[in-house]
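Listed below are the residues making up each chain.
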Amino acid sequence: MALNPVLGKLVSKRVVLASASPRRQEILTNVGLRFEVVPSWFKETLEKSSFAAPYEYAVETAKQKALEVANRMHVKHLRTPDIVIGADTIVSVDEQILEKPVDKQDAYRMLSRLSGKEHSVFTGVAIIHCSSKGNQLETEITDFYEETKVKFSDLSEELLWEYIHSGEPMDKAGGYGIQALGGMLVEYVHGDFLNVVGFPLNHFCKKLAELYYPPPKHTVQHIKHDSIPSVDTFENLSDGESESSNFTEHKGAKKLNSSSMCPSRPVYNCENSSSVRTDSMVPLGNQNGASESAAKLPSKIVDLMDGFKASKALFVASKLKVFDYLKTKGPLKAVDVANEVGTSVCGTERLLDACVALGLLEKTSQGYSNTDSANTYLTSDGEYSLHGYIIHSNDHLWPLFTNLESAVREGSRQNHRAFGRKAEDLFKDYYHSQEVKQRFMAAMHSIAHLTARDVATAFDLSQFKSTCDLGGCTGALAHELIQIYPNMKVTVFDLPEVIANISYFQPSEQCAAPVTFLSGDFFKDNLPEADLYILSRILHDWPDERIHVLLSKISAVCKPGCGILLAEMVLDDEKKSRSTALLQSLNMLVQTEGKERSGSEYRGLLEQHGFANVKIKLTGNLLDVVLCIKT
Ligand SMILES: Cc1cn([C@@H]2O[C@H](COP(=O)(O)OP(=O)(O)OP(=O)(O)O)[C@@H](O)[C@H]2O)c(=O)[nH]c1=O
C-alpha cells in the first residue's frame, strides 16, 4: 500500500459506496479499497436550471446520493457507517446536461449531439464522514468534481445505430462507455480517463490526502515567508503519523524520518460543527477542543511559485553533467559527484537531494543514481536526450524570460535586454557565433527527434512521393520519414549556416535512402519541388504577414493534390486549456515576432492560400500536426 498510503487510512473504517455503478465498484476494488455497496435511492431529479454550472449539479447529486444512504443506514439499521462515498457522472455539451438515456431514441439524440464535437464529462464526488451522537447522525461532507474533455469523431448514422443496438449506451451518462465499444468513437481525451468511466480516482486520493494529512499549522504559517510544500500530491505521501495516532496504522505503510512528512494528528471536531458542512474537514489545531479554521495549502499555486526553482535545479544538474556521470559511474555519494564535477560538497548534496525529490534521481544507502527517465532524457547521449534543449533553456530562454515583464508591457521581444544586442533577424541572432549556433541546433534536434515518430505517423503520408522539410535543421524528422516511408524522397532545406553544421547530428545507422540537404533561404530562394512541404516549428516564429509571404510561395509551386504538413503546438480554440502551448506562446513573445496559434487560426491562414481539407491531430507529444491539401 506504499503506492497510496491514503487508502490505507480507510482500512479500519466502515466504508460504504453509495452507488450501483459496477464501474465505480471496479475502480475502487482494483486499488484494494474494502467497502460495502449500498446503492442510493436518491432520484436524480434536481432542477438542472437552478445550477449555475453543470458540475454544481453533479456535485449536489453526488452529495444527495451519499446522504440518502448515510441517513437510511443510520435510521434503519442503527449501523452508522464511518464513510459514505457518492458520485454522479454527467456529460455536458452546448450548455446541456446529459445523463443516462431513457431509451434508444434518447441515446440516439445524445450521441448525435456528441458526434464530431468536444464535450466535458464531470463527475461530482461526495465523501461523507459520519458519526453518531446520542442517536443523531452527524456528517462532515467533503465534495469535489473532476472535468475531462472528450472529443468524438463524426459518427455515421449506421455506426450510431449499430452502437445503440449493442445495448451499451443505456446505463451510461451521455449514452456511451469509453471503456468498451464507446472507446471507438473517441478521437481524444484530455484529463483523467477514469473520471469519464465514472470515478476520478486520482482526485479522490488527493482529497483523502488533504483530509488525512492536513498541513501542520506551523507549515501553513511558514508559507507566507518562503517554503517548499512538504506534501503536495498523494503520490508523495507515506504514512508518517506518530505512534499515538488513533488511526490504525496500515500494514506495509512506509515510515518516514522527515519531520516535515509527519503532520499533526488529525482530530475532527464534531461537537461544534453543523450537521452538514461542505468542503474539507478542518483539523483542530489546539488542545482545548475549540474549532479553528486552518488555511488550506494552495498546492497548485505553491507549485507555480516553486516552478522556477525546480527548472533551475534541472538546468544546473544538466549543465554540470550530473546525469552523465551518474549514468556511467553511479551510484555515487554527493562527495564523489562534487569531485567529478568540481563543485562544493554541501551545494552538490542539496542539488542532488532536490533532484531526488523532483523524481529525477534515486537515493539509496549506496548513493545517488539516475532514474530510468533521467537515463533516457537527461543524459547527453540518452536515446531521446533533451540535454540540448535544457542547455538552450538555461543559457538562452532563461535570460529572455527574466525580461517577460518588459515583453508583456511592450508587446515585443527582449533579445536586446537579455543579450545587449538588438536582434535584426531571429536566426542571425542564433547564428552569430559557432557556440550559440551549435547549442540552438542541439536544442532543435532534441525536440525534433523526440517528436519525429508522432509527427511522421499522425497521418498517412504514403500518397506523397517527395517531401521537402523547409527549415528542417538537422534532419531528425526527415530521417524518421524515410524509416516509415522507405520510398519517399526527402529533402531538408535550410540556411547555409545550418547545413554546414549537420554532420554531428546524423544517425549512425544508414537510412533506407539518404536524406538530401539543400541550402537556401525559404523567404528569398526558389523552393525545391515536392509533393509535400513540411513546416515544423516554423510558422510560430513569424507574424501573419511573413507567414503569408511563405505560404504564397509554397502555394505557387504546389500542384493540386500536393500538401503542407505543419508541426506546431496547437492551441485550443478558446486559448485556455493547453498550458504547455500557451507558455510556449510567451516563449515566442520574448524572442520573436511570432506566436503559437489555434487550429482555427492555422486553418484560416492555410485556406487563404488555396489549401483545404485541413486536418488537425493532437499527438499528446510536444508537437501537434496539421495537414492540408492544395485544391
Ligand atoms: C461517460 C461514461 C459513463 N459511464 C457510466 O455512466 C454512469 C453514470 O451514471 P450515474 O448516475 O453517475 O451513476 P449510476 O450508474 O446511475 O449509479 P449510481 O451511483 O447508483 O447513481 C456511471 O455508472 C458510469 O460508470 C461509463 O461507464 N462510461 C462512460 O464512458
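Identification of the chain as Acetylserotonin O-methyltransferase like from Anas platyrhynchos platyrhynchos is taken from an unreviewed UniProt entry. Word for word, the UniProt comment on the chain under Cofactor (unreviewed entry) is "a divalent metal cation".

A. The arrangement of the site of the ligand in detail. Residues in close proximity to the ligand total 21 residues, the closest being S19, R24, K65, K100 and V197. For the ligand, an oxygen atom lies 3.3 Å from a polar atom in the side chain of D88. Elements that contribute at least two residues to the shell around the ligand include exactly α2 (22-30), β3 (83-93) and α6 (193-197). The biggest single contributor to the shell around the ligand is β3, with three residues. Class assignment for the residues of the shell around the ligand results in seven nonpolar, six polar and eight charged.

B. Examining the nonpolar core more closely. Counting 68 residues, the largest nonpolar core has L470, L535, I554, I564 and L606 as the members making the most contacts within it. At seven residues, helix α18 (residues 434-456) tops the list of elements feeding residues into this core. Looking at which domains feed residues into this core, each of domain 1 (301-385) and domain 2 (436-630) gives three or more. Setting aside anything within four residues of it in sequence, one finds L606 in contact with L551, I564, L566, F611, V614, V626 and C628. In terms of nonpolar packing, the next biggest core, distinct from the first, is built from 46 residues, L155, L160, Y163 and I178 among them.

C. Region of the structure containing the pattern of salt bridges. For the coordinates displayed, the defined rule picks out 30 salt bridges. Linking K100 and E44 is a salt bridge whose minimum nitrogen-to-oxygen distance equals 3.6 Å. With K100 in the loop between β4 (96-98) and α4 (104-114) and E44 in the loop between β2 (36-37) and α3 (54-77), this residue pair connects regions lying 56 residues apart in the sequence. Overall, the relative accessible area of 25% leaves E44 in the partly exposed class. Where R409 meets E405, a salt bridge forms, and the shortest distance between an N and an O atom there is 2.9 Å. In this pair, R409 and E405 both sit in helix α15 (residues 404-410), four residues apart, roughly one turn of the helix. For the residue pair R409 and E405, the accessibility class agrees, reading exposed in each case. Linked through salt bridges whose partners overlap, the residues forming this network are E44, K65, D88 and K100.

Reading the values: rules and limits
- Per chain, the residues get numbers from 1 upward, laid out in the order the sequence is written.
- Where local features are concerned, this predicted model is filtered to residues with pLDDT of at least 70; where side-chain atom pairs are given and counted, the filter is 80 or more; whole-chain, interface and lining totals use all residues.
- In computing side-chain properties, one takes all heavy atoms of the structure into account and sets aside hydrogens as well as water.
- UniProt positions are given in the numbering used here, feature names are shortened, and annotations may be inferred rather than shown by experiment.
- Nearness is judged by heavy atoms alone; a residue qualifies as near a molecule or strand once a single heavy atom is within 4 Å of it.
- For the purposes of these results, a polar contact is taken to be a pair of N or O atoms within 3.5 Å, where, inside protein, one atom must be able to donate a hydrogen and its partner to accept one; residues adjacent in sequence count only when each atom of the pair is a side-chain atom.
- For helices the rule is a DSSP run of H or I covering at least 4 residues; for strands it is a run of E covering at least 2, with both sets numbered from the N terminus onward.
- Any residue outside Ala, Val, Leu, Ile, Met, Phe, Trp, Tyr, Cys, Pro, Asp, Glu, Lys and Arg is labelled polar, Gly included; the first ten of those are nonpolar and the last four are charged.
- Within this scheme, the nonpolar core is defined by two criteria: the residues are buried Ala, Val, Leu, Ile, Met, Phe, Trp, Tyr or Cys, and they are joined through side-chain atoms within 4.5 Å.
- The cut-offs for exposure are 20% and 50% of the maximum accessible area for each residue type, with area from a 1.4 Å probe on protein chains only; residues under the lower value are buried, those over the upper are exposed, and the others partly exposed.
- Domain boundaries shown here were taken from an automatic or database domain assignment.
- Residues are treated as being in contact if the distance between any of their heavy atoms lies within 4.5 Å.
- Salt bridges are defined by distance alone: a side-chain nitrogen of Lys or Arg within 4 Å of a carboxyl oxygen of Asp or Glu.

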